[in-house]
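Structural features, examined
Each chain, written out:
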Amino acid sequence: MLRNPSHLEIVNPVSMGKTRAIMQTIEEGAYGQDDNTQWSDKVINIQVVSLGLLLPMIGADRVHLHLLILENRLLTLLMVAADSLRWGRRDNPSILDNRVRVYRHSNQLNLFNDEEESTILLLIKNLELGENKHKTTTKRPAEGPPEVPGPISLPNLVTGPSIMDLIPDKKKDNTDDDTDDDTKPKEKKVYSSNPIYSSNPTYSKENTVTDEDLEKLTETLYIKEMNNANQYITLNLQQKTTSGSPTDQAPQPLLTVSAEAFQIPTIQRVLSIFDNYQLDTHMDEYISPVQRQEEKLLIDTFLSTSVMSAAMRFLADKGFVQQDYYKYRDTLRGIWFNLFSRGQGKIGSAGFEQAFMAETRQADSGTEIYGLHNWIYFNAEETKRHIDYLGYMNKVDLGNKGSIVKVYVKFNGHDKPVTTMFVGTSPELEMALYTVCFYARPNGKCPVSLGGTKFNIVTYKFKYRGQDLIGTAYPEI
């Protein structure tokens, strides 16, 4: 919404009335209590109209179409500038004039996800095709406003379908554009090299989650992942070993990580959490208000990515969580960061600590090590020489975006005979995989696929005071 949204109210007063009502209810936007609030805060009215409706209203030759897309309450603006829309003149510039500008918000986070971007680019492509085709016509309709020509028609979106309805049927959209205009914006590829994987797949109906659904979803998350750090990591496997082998088969560290990896926003958030916990599960944890804020910022940063938001939308569509941003945030904070007791009456554990860090427990046989499934924490502890890497048992590649390794280590001098961890993947991808499997295939193996490599995620629920929390989560190869 602009400062004066009268143009939107003229087109659809009912829609704008609802927008204002929501603003009043949550006291945001036009009705915010803070002097710094803006019209577009938290609530936004999106209206897309055909040029046939737009031109008579504004009576102008210069048109700016503003398509506003809200991704997790952060605004991304796609501005399409169209100059001199005088239909039928061959010397006119393209309807889009090749000036497509995508503005991204909030610390260069990739808020414009693949599904949205491919939708917009496909719409642009069809508008261009339509205008090129229209240029061959010398006659303008005698009466009525000009219509947008092209292989697809623009419906009246004021009360009509969503923008997704602008996408032509995939089966019919296999013909190449036969024009030779090299200056046109290139359409972004949506699909990976494997044709069964898409950034916008179709899942099974109702609330069932099939193995095929999990495969499609996890490959979709793989396609959407933008904070991947694999290019910044050198993996030094050295020699194979067996669990409990007395011989050190790897005198050198496992990981060497370049500084660029630690500039990735979601990795920075994870690093900020590492000093919030004590290793021993038989010691009470205390999380300060500042540390709670760090958890909140981590969840918000994760949810601002296409990976985490797509995973939560899938769970919402399947009925596991409510389809609301704040519910997503509360759910993730609850299952990952609520503290619970693993014994002796001590509130000394959390799901995040187990899956993304490490924990110790005193047993009759000595100190037992749990966790060590995340490469960011592994690297931090190996750099401090708290971890002694002794060799590997298995490794699988996840396309060109990472790998999973099964290794034998000592942690603070104590044996961890077998542990598996992701290497190079973003923390939000790992949390998304674990969260989906926690709901869809709890207490066992969850079949997933990344980069064409199929493997299992294992999660276990821990019921504490009536709540199901994440007890552990890790990849299995």
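This text follows the structure it describes.
Keep in mind that this is a model prediction, so the values were computed, not measured.

All right, on to the sheet that holds strand β11 (residues 403–411) then. Spatially, three strands are ordered β10-β11-β12 in an open sheet, and the strand pairing comes out antiparallel. A single partner strand is all that each edge strand has here, and the edge strands are β10 (387–397) and β12 (414–423). Averaged over all neighbouring strand pairs, the angle between strand axes comes to 20 degrees, with direction disregarded. As paired elements, β10 and β11 share nine bridges and run antiparallel to each other. Bridge pairing in β11 places Y392 opposite V407.

The next thing to look at is the packing of helix α5 (residues 211–224) against helix α12 (residues 427–440). For the pair α5 and α12, interaxial distance at closest approach is 10 Å and the crossing angle is 165 degrees. Overall, the two elements α5 and α12 adopt an arrangement that is roughly antiparallel. Between α5 and α12 lies a crossing of right-handed hand. Contacts between α5 and α12 involve L214, L217, T218, L221 and Y222 from the first element and L429, A432, L433, V436 and A440 from the second. Among the residues forming the contact of α5 with α12, the class breakdown is nine nonpolar, one polar and no charged.

The next point concerns the pairing of strand β13 (residues 444–450). Remember that side chains alternate between the two faces of the sheet whenever the strand is regular. Buried residues dominate β13, accounting for five of its seven residues. Two elements, β13 and strand β14 (residues 453–464), share seven bridges in a ladder whose sense is antiparallel. Bridge pairing in β14 links C446 to I457. Between β13 and β14, which pair antiparallel in sequence order, lie two residues; one of them, G451, sits at a positive phi of approximately 60 degrees.

On to the sheet that holds strand β15 (residues 467–476). Pairing in this open sheet of three strands is antiparallel, and the strands run β13-β14-β15 from one edge to the other. The sheet is open, and its two borders are formed by β13 and β15, each paired with just one other strand. Strand-to-strand, the axes of this sheet are offset by a mean angle of 35 degrees, without reference to chain direction.

This brings us to the nonpolar core. Within the largest apolar cluster, 81 residues are counted, with the highest numbers of intra-cluster contacts made by W336, F352 and W375. At ten residues, α12 tops the list of elements feeding residues into this core. In this view, W375 contacts A229, I233, L255, V257, A261, I267, M421, F422, V423, G424, T425 and E430; residues no more than four positions away in its chain are not counted.

Our next topic: helix α8 (residues 306–317). With twelve residues, α8 should cover 16 Å at 1.5 Å per step; its first-to-last C-alpha distance of 16 Å lies within 8% of that length. Those residues of α8 that fall on the buried side of the exposure criterion are S306, V307, M308, S309, A310, A311, M312, F314, L315 and A316.

Bringing the state of the cysteines into the picture now. One pass over the structure, following the stated rule, counts one disulfide. A sulfur-sulfur distance of 2.2 Å marks the disulfide that ties C437 to C446. The chirality of the disulfide connecting C437 with C446 is left-handed, given an S-S dihedral of about -70 degrees. Of the two residues examined, C437 and C446, each falls in the buried class.

Further remarks concern the side chain of S309. By secondary structure assignment, the location of S309 is in helix α8. A polar contact is formed between the side chain of S309 and the backbone oxygen of S306, at a distance of 3.2 Å.

This brings us to the pairing of β14. The pairing of β14 with β15 spans nine bridges and is antiparallel. Paired with Y460 across the strands is T472, a residue of β15. Hairpin connection between β14 and β15: a loop of two residues separates the two successive antiparallel strands, and R465 in this loop has a positive phi of roughly 55 degrees.

Attention shifts here to the pattern of salt bridges. Under the defined criterion, the tally for this structure stands at 14 salt bridges. As a salt-bridge pair, D300 and R329 come within 3.4 Å of each other at their nearest N and O atoms. Separated by 29 residues along the polypeptide, D300 in helix α7 (residues 289–303) and R329 in helix α9 (residues 325–337) bring together distant segments of the chain. Of the residues examined, R329 reaches a relative accessible area of 15% and is grouped as buried. Among the charged side chains, a salt-bridge network with shared partners connects K296, D300 and R329.

On to unusual backbone geometry. We note that N412 has phi near 50 degrees; this positive angle belongs to a residue other than glycine. Structurally, N412 can be placed in the loop between β11 and β12.

A few words now on the packing of α8 against α12. Running from amino to carboxyl end, α8 crosses α12 at an angle of 10 degrees, the nearest separation of the two axes being 9 Å. Between α8 and α12, the crossing angle belongs to the class labelled roughly parallel. Between α8, through V307, M308, A311, M312, F314 and L315, and α12, the contact on the second element is made entirely by E428, L429, M431, A432, T435, V436 and Y439. In terms of residue class, the contact of α8 with α12 is built from eleven nonpolar, one polar and one charged.

What follows covers the environment of T301. Within the fold, T301 resides in helix α7. Here T301 falls in the buried class, since its relative accessible area comes to 10%. Taking C-alpha positions, T301 is 6.3 Å from T266, a pair spaced 35 residues apart along the chain. The residues contacting T301, other than those within four sequence positions of it, are P265, T266 and R269.

This brings us to the side chain of T472. Mapped onto the elements of the fold, T472 is located in strand β15. Engagement of the side chain of T472 in a polar contact is seen with the side chain of Q354, the distance being 3.4 Å. For T472, the residues in contact, after removing those within four places along its chain, are Q354, V458, T459 and Y460.

Calculation notes
- Residues numbered from 1 in each chain as written.
- Predicted model: local features only at pLDDT ≥ 70, side-chain atom pairs only at ≥ 80, totals over all residues.
- Heavy atoms only, no water.
- Pairing = 2+ DSSP bridges.
- Helix = DSSP H or I, 4+ residues; strand = E, 2+ residues; numbered from the N terminus.
- Axes fitted to C-alpha atoms, helices over the stretch in contact; angles between N-to-C directions.
- Parallel < 35°, antiparallel > 145°, perpendicular 65-115°, else oblique.
- Left-handed = near helix turned anticlockwise from the far one by under 90°.
- Contact = heavy atoms within 4.5 Å.
- Nonpolar A, V, L, I, M, F, W, Y, C, P; charged D, E, K, R; others polar.
- Buried < 20%, exposed > 50% of the residue type's maximum accessible area, 1.4 Å probe, protein only.
- Core = buried A, V, L, I, M, F, W, Y, C linked by side-chain atoms within 4.5 Å.
- Expected span 1.5 Å × (residues − 1).
- Disulfide = S-S within 2.5 Å.
- Polar contact = N/O pair within 3.5 Å; in protein donor to acceptor, adjacent residues only side chain to side chain.
- Salt bridge = Lys/Arg side-chain N within 4 Å of Asp/Glu carboxyl O.

These figures come from the coordinates and say nothing about function on their own.
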